[in-house]
Amino acid sequence: MLEKLAGKYGASAGVVCLVVSALLWGGEYVVAKDVLDIMEPNWSNAIRGFFTSIFAIIVWRKYFRNATGRDWLRGSYSIG
């Protein structure tokens, strides 16, 4: 997927992705400071992981449809 972006838009797509990820990462600390006053860290991580998973499924849904049982097995090894 990133290869298609780089081929179509050049290196600027990579720079934009890095800047967006840096802004999200840095902004997370500001939000986490207030959120941790309300809920425990484990719940915060669980909610963040849930929404990240939903976003990943939406972005890569066509790849998930084409995945074989062997692909899912390999993925389960990398997670656990």
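Scoring rules and cut-offs
- Residue indices follow the written sequence of each chain, beginning from 1 at its first position.
- pLDDT decides what is reported in this predicted model: residues at 70 or higher carry local features, side-chain atom pairs at 80 or more are listed and counted, and totals for whole chains, interfaces and linings draw on all residues regardless.
- Excluding hydrogens and water, the side-chain values take into account all heavy atoms of the structure.
- Aromatic rings from Phe, Tyr and Trp, with only the six-membered ring used for Trp, were paired whenever their centres fell within 6.5 Å, and each pair was classed as stacked if the ring planes differed by under 30 degrees, edge-to-face if by over 60, and tilted otherwise.
- Partly exposed residues are those whose accessible area sits between 20% and 50% of the maximum for their type, while under 20% is buried and over 50% is exposed, using a 1.4 Å probe and protein chains only.
- A residue's pLDDT is the confidence the predictor assigns to it, expressed on a 0 to 100 scale.
- The way it works is that DSSP assigns letters per residue, a run of H or I at least four long becomes a helix, a run of E at least two long becomes a strand, and they are numbered from the N terminus.
- Buriedness of a pocket was judged along seven lines, with at least five required to meet protein on both sides within 12 Å; pockets are open sets of points on a 1 Å grid over the protein atoms alone, cavities are sets where a 1.4 Å probe fits but cannot get out, and lining residues have an atom within 4 Å of a point.
- Grid points are joined across faces, edges and corners, and a volume is the space filled by probe spheres set on the points.

Novice: Can you tell me about the packing of aromatic side chains, naming the residues and giving the values?
Specialist: Applying the stated criterion across every chain yields a total of one aromatic pair. Centroid distance Phe-50 to Phe-51: 5.3 Å. Interplanar angle 70°. Geometry classified as edge-to-face. Here Phe-50 and Phe-51 have matching classes, each one exposed.

Novice: Any chance you could break down the confidence of the model for the protein chain for me, citing the residues and the numbers?
Specialist: Mean pLDDT over the protein chain works out to 81, with 89% of the residues at or above the 70 mark. Looking over the protein chain, one finds the lowest element-wise mean pLDDT in helix α1 (residues 2–9), namely 68, and the highest in helix α3 (residues 41–59), namely 88.

Novice: Tell me about the layout of surface pockets, and name the residues and values.
Specialist: Here the second largest pocket is characterised by a volume of approximately 170 Å³. In terms of lining, the second largest pocket is formed by Glu-28, Val-31, Ala-32, Val-35, Met-39, Ser-44, Ile-47 and Arg-48. At the level of elements, α2 (11–38) and α3 are the ones that each hand at least two residues to the lining of the second largest pocket. Here the lining of the second largest pocket takes four residues from α2, the largest share from any one element.

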